[in-house]
Amino acid sequence: MIMANQPSPLAKGNILPLALIMMMIILMGGIGIGVVVMEGSKRAAISDQSVTAYYLADSGVEKQLYEIRKNYQTLAYVNTLGLDYGDGRKWVSTGGLEQTMSKTITRVSTSSFAVLDLFDPDDISAALNISQMRLTWSKDPACTEPAANMEVSYAYWDVVAGVPQFPTNNQFVVEPKNGTGNLVVVLDPDRRYRIRLKTFDCEAINVTAAFFDGTGTQRPYPGDITLAAEGTYRVATQKIAVTMPKLDVLSGVFGFVLFSECTLVKGTGAVVCP
């Protein structure tokens, strides 16, 4: 007699826990996918807010630049600017927290020059207390000459009772050429200077000028200003800082006229410097 197979007593009810386990696995997988999707959405939202905050900071810097270049405002004034749009978007100026402690020039060529201003263009009577300029540079590796000879020259003026006493004749000082890559120029802390750097034989790279008072304490470089703004949109904040000269410097032939020790020849019979 053939009998049908009967299920074992131990096999009864196994489907229920197996179904529960499968449901838990599916549920946990769904939760994991949901967390990833939610985190991705959150990151995307923060990224969008960061882009908005960046452009808010950019508009703040542009506004400061407009006030400096077009309305001739002082740095102290632009450092107070800001704008709150009332919907979580705002920017504030942060340039007052920035100071340029040294001036770095990527390259000084043999056919041009670099200019350093040691005076406060917003208040020319303000004392800067700069007694020394320390200049370092390297020779362009592409140059086969022994050294990049640097010539430092400058014009200066005094301030008497708050009034600038500009030079009335040739008061241009030229320091001897130096090819060591390290030069110290002694300055008068009571004077204001415009300094010109020029190289001969080889171009100079990574030119760095640092400024110090009589005690050797480093002083900020007054020729550059920092325009900086912080943009905020909801939880995102971005900051932009731009360092630039406060005053534009004439270039090319105009620079030669401004800094030349020789007479500007306009006709015949004029005395020309050797």
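Residues numbered from 1 in each chain as written. Predicted model: local features only at pLDDT ≥ 70, side-chain atom pairs only at ≥ 80, totals over all residues. Heavy atoms only, no water.

### Let's talk about the confidence of the model for the protein chain
Confidence in the prediction for the protein chain averages 82 pLDDT; 81% of positions are at 70 or higher. Low pLDDT, under 50, characterises residues 251-257; the stretch is placed with 3 contacts to residues that sit more than four places away or in other chains. (pLDDT = per-residue confidence, 0-100. Contact = heavy atoms within 4.5 Å.)

### So, the state of the cysteines
If you walk through the whole model with that rule in mind, you get 1 disulfide. The partner cysteine of Cys143 in its disulfide is Cys202, sulfur to sulfur 1.8 Å. As the torsion about the S-S bond is roughly -65°, the Cys143-Cys202 disulfide counts as left-handed. One end of the pair, Cys143, is in the loop between β5 (132-139) and β6 (149-160); the other, Cys202, is in the loop between β10 (191-200) and β11 (204-212), and 59 residues separate them in sequence. (Disulfide = S-S within 2.5 Å. Helix = DSSP H or I, 4+ residues; strand = E, 2+ residues; numbered from the N terminus.)

### Focus: the side chain of Ser131
Turning to its location among the elements, Ser131 is positioned in the loop between β4 (114-118) and β5. At 3.5 Å, the side chain of Ser131 and the backbone nitrogen of Gly214 are in polar contact. (Polar contact = N/O pair within 3.5 Å; in protein donor to acceptor, adjacent residues only side chain to side chain.)

### A short note on the nonpolar core
The nonpolar side chains of a soluble globular protein tend to be buried with one another. Leu116, Met133, Leu135, Val152, Ile195, Leu197 and Val207 are the most contacted members of the largest nonpolar core, which totals 28 residues. Once you skip the residues sitting within four places of it in the chain, Val152 turns out to touch Met133, Leu135, Val173, Val174, Glu175, Leu183, Val185, Ile195, Arg196 and Leu197. Of all hydrophobic cores here, the second largest spans 15 residues; its members include Ala57, Val78, Leu227 and Ala229. (Core = buried A, V, L, I, M, F, W, Y, C linked by side-chain atoms within 4.5 Å. Buried < 20%, exposed > 50% of the residue type's maximum accessible area, 1.4 Å probe, protein only.)

### Notes on the environment of Val160
Structurally, the position occupied by Val160 is in strand β6. For Val160, a relative accessible area of 48% corresponds to the partly exposed category. For the pair Val160 and Asp190, spaced 30 residues apart in sequence, the C-alpha to C-alpha distance is 9.8 Å.

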